Amino acid sequence: TAIAPAGFHGETTTTGRLVAACSEGNAREGRALLLDATATQVNQAGEIGETALYVACTYGHLHIVHALLGVSGILVNAATTDDGSTPLGVACAKGHLSVVRLLLGTAEIQPNQADDKARVPPIDQVCSNESLLLRSAADQCFLHESIDAC
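Residues numbered from 1 in each chain as written. Predicted model: local features only at pLDDT ≥ 70, side-chain atom pairs only at ≥ 80, totals over all residues. Heavy atoms only, no water.

## With respect to the pattern of salt bridges
And step 1. Scanning the entire structure with this criterion turns up one salt bridge.
And step 2. Linking Arg17 and Glu29 is a salt bridge whose minimum nitrogen-to-oxygen distance equals 3.6 Å. Of the two residues, Arg17 is situated in helix H1 (residues 14–24) and Glu29 in helix H2 (residues 27–34); the sequence distance between them amounts to 12 residues.
And step 3. We classify Glu29 as partly exposed; its relative accessible area is 30%. (Salt bridge = Lys/Arg side-chain N within 4 Å of Asp/Glu carboxyl O. Helix = DSSP H or I, 4+ residues; strand = E, 2+ residues; numbered from the N terminus. Buried < 20%, exposed > 50% of the residue type's maximum accessible area, 1.4 Å probe, protein only.)

## Describing the nonpolar core
And step 1. One finds Leu68 and Leu103 to be the most contacted residues of the largest nonpolar core, which totals 30 residues.
And step 2. With six residues, helix H4 (residues 52–59) is the single largest residue contributor to this core.
And step 3. Residue contacts for Leu68: discarding those within four places in its chain leaves Leu18, Cys22, Leu34, Val42, Ala52, Leu53, Ala56 and Ile74. (Core = buried A, V, L, I, M, F, W, Y, C linked by side-chain atoms within 4.5 Å. Contact = heavy atoms within 4.5 Å.)

## A closer look at the confidence of the model for the protein chain
And step 1. Averaged over all residues, the pLDDT of the protein chain is 77; the fraction at 70 or higher stands at 73%.
And step 2. In this model residues 127–150 is a low-confidence stretch, pLDDT under 50, and it forms 39 contacts with partners more than four residues away in sequence or in other chains. (pLDDT = per-residue confidence, 0-100.)

## Here's the deal with the packing of H2 against helix H5 (residues 62–69)
In a packed pair of helices, the relevant descriptors are the angle between the two axes and the axis-to-axis distance.
And step 1. Axis separation between H2 and H5 bottoms out at 9 Å; the angle between their running directions is 10°. When the interaxial angle is binned, H2 and H5 end up roughly parallel. Along the contact surface, H2 presents Ala27, Arg31 and Leu34, while H5 presents His63, Ile64, Ala67 and Leu68.
And step 2. Taken together, the residues of the contact of H2 with H5 sort by class into five nonpolar, one polar and one charged. (Axes fitted to C-alpha atoms, helices over the stretch in contact; angles between N-to-C directions. Parallel < 35°, antiparallel > 145°, perpendicular 65-115°, else oblique. Nonpolar A, V, L, I, M, F, W, Y, C, P; charged D, E, K, R; others polar.)

## Some details on H2
An α-helical segment advances 3.6 residues per turn. Residues three or four places apart therefore align on the same side.
And step 1. Looking at H2, one finds that the buried residues are Ala27, Gly30, Leu33 and Leu34. The arc enclosing the buried residues of H2, seen along the axis, measures out at 130°, which places them on a common side.
And step 2. Looking at the buried residues of H2, the elements they touch are H1, helix H3 (39–43) and H5. (Arc of directions from axis to C-beta.)

What follows is the structure in structure tokens.
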């Protein structure tokens with residue numbers, strides 16, 4: 001079941017249409033909307049706190065996440081949902097490994113950012129057969145090469 005773009009006045013606004021495209025996995029529509037979207041529109045949260053990036057990460061829509069990360073000013077660590085979870089946190093919780101990898105490859109990502117309940121994303125639980133190594137000095141994560149076997 002897709003997250004409805006609640007709080008965006010249906011699908012009439014750019015943000016509402018973008019969130020709907022992210023929810024449905026409609027990469028073509030998402031990319032088209034991003035051509036004219038501002039960072040403010042891309043980062044706008046709905047009534048339950050869902051941003052376009054959060055929704056795309058929830059459903060594991062890799063191509064849309066990639067396009068969103070190309071928007072200057074995208075807030076990759078935004079914890080706007082009711083429980084304070086982040087796009088990385090939801091991608092980890094849902095087991096969307098390719099999205100997690102993509103997010104961890106961005107310079108701005110903060111993998112140790114806790115949500116409102118002081119929970120850190122369960123990065124080490126994304127794949128039960130592999131683990132992630134945190135390099136605290138650079139605050140970056142690296143996946144073992146064999147993670148593709150998961």
